[in-house]
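Structural characterization, general
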Amino acid sequence: DLQRQVGMAVAQEGARQAAGQARHGLFEIKAYIQENPSSVKVACFLIGLVLIVFSILGCFNVFDAAIEPKEYLHNIYNVVFGVIICICDGKESWMQKCGDIQTKLFKYCYALATQTGRALFYFYVGSMTLLVLPDSAFWKLIYIILGGVLSLLAVLMLVMGWCGEHCGCKGRYGQMEGRGAEETATPAA
């Protein structure tokens, strides 16, 4: 009986320490997620939504797109990329209601948690949207606008991330959007 009580006490203490380490690790991840100003976040989120909508419409041949199989595949990828963009720049409280998907995405794909990584991803999606154009003039115009805006937002994010301090933007590593210096503590080894 004494051995069982000691075993239970040791297990409880181990669980408490594991929970503390998990909370500490989550705090460190949140502290290093770099955010864009609200206007850029809203623009990226809306472009992600528009990319999803028009890619789905393109898959179902709406507006007489008459696209080829490679363009169907491109539209499917764009839907996935649009969802990722919306997760990255969506409101944190919304993402927590969806199984805390934003934190999971940033944990397993850390590059998207950084300003530079997210900007490079957005530039990739924008350039692919610009480079893989359908034959239809209507869809070509839509994709040029979407790809161009997404690429410009990516360049803006890179400029803010790399030169922001020199251009009057606030510092990096989560100091935007009113976060304090206590959240930007150096990670423990």
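This write-up is about the structure you can find in this document. (Residues numbered from 1 in each chain as written. Predicted model: local features only at pLDDT ≥ 70, side-chain atom pairs only at ≥ 80, totals over all residues. Heavy atoms only, no water.)

Turning our eyes to something else, we now look at the nonpolar core. Counting residues in each nonpolar core, the largest one holds 28 residues, and the members touching the most others are Ile 85, Cys 88, Leu 112, Phe 121, Tyr 122 and Val 125. Mapped by element, the contributors of at least two residues to this core are α2 (38-59), α3 (69-89), α5 (101-108), α6 (115-131) and α7 (137-163). It is α7 that contributes the most residues to this core, 10 residues altogether. Apart from the residues lying within four places of it in its own chain, the contact partners of Phe 121 are Phe 81, Ile 84, Ile 85 and Leu 112. (Core = buried A, V, L, I, M, F, W, Y, C linked by side-chain atoms within 4.5 Å. Buried < 20%, exposed > 50% of the residue type's maximum accessible area, 1.4 Å probe, protein only. Helix = DSSP H or I, 4+ residues; strand = E, 2+ residues; numbered from the N terminus. Contact = heavy atoms within 4.5 Å.)

Once that is clear, we can look at unusual backbone geometry. A positive phi angle is found at Asp 100, which is not glycine, with a value near 55°. Along the chain, Asp 100 falls in the loop between α4 (92-97) and α5. Given the relative accessible area of 25%, Asp 100 is considered partly exposed.

Next up on the list: the environment of Lys 140. Here Lys 140 is to be found in helix α7. Given the relative accessible area of 33%, Lys 140 is considered partly exposed. Residues Lys 140 and Thr 129 lie 11 residues apart in sequence; the distance between their C-alpha atoms is 9.6 Å. When neighbours within four sequence positions are excluded, Lys 140 is seen to be in contact with Leu 133, Pro 134 and Asp 135.

Working definition: two side chains of opposite charge can pair if their charged atoms are close together. This model, assessed by the stated rule, comprises one salt bridge. Where Asp 89 meets Arg 118, a salt bridge forms, and the shortest distance between an N and an O atom there is 3.6 Å. Placement of the pair is Asp 89 in helix α3 and Arg 118 in helix α6, with a sequence separation of 29 residues. Residue Arg 118 is classed as buried on the basis of its relative accessible area of 1%. (Salt bridge = Lys/Arg side-chain N within 4 Å of Asp/Glu carboxyl O.)

With that settled, consider the packing of α2 against α3. In the contact formed by α2 and α3, the axes pass within 8 Å of each other and the chain directions differ by 155°. Here α2 is positioned roughly antiparallel relative to α3, judged by the angle of their axes. Crossing handedness for the pair α2 and α3: left-handed. Where α2 abuts α3, its residues Lys 41, Cys 44, Phe 45, Gly 48, Leu 49, Leu 51, Ile 52, Ser 55, Ile 56, Gly 58 and Cys 59 lie against Tyr 72, Asn 75, Ile 76, Asn 78, Val 79, Gly 82, Val 83, Ile 85, Cys 86 and Asp 89. (Axes fitted to C-alpha atoms, helices over the stretch in contact; angles between N-to-C directions. Parallel < 35°, antiparallel > 145°, perpendicular 65-115°, else oblique. Left-handed = near helix turned anticlockwise from the far one by under 90°.)

Packed helix pairs are specified by the crossing angle of their axes together with the interaxial distance, meaning the distance between the axes. Where α3 meets α6, the axes come as close as 11 Å, and the angle between the chain directions of the two elements is 150°. Classified by the angle between their axes, α3 and α6 sit roughly antiparallel to one another. The two elements α3 and α6 cross, and the hand of that crossing is left-handed. Counting all contacts with α3, which are made through His 74, Asn 78, Phe 81, Ile 84, Ile 85, Cys 88 and Asp 89, the residues of α6 involved are Arg 118, Phe 121, Tyr 122, Tyr 124, Val 125, Met 128 and Thr 129. Taken together, the residues that form the contact of α3 with α6 break down as nine nonpolar, three polar and two charged. (Nonpolar A, V, L, I, M, F, W, Y, C, P; charged D, E, K, R; others polar.)

No statement about biological role is implied by the geometric values presented.
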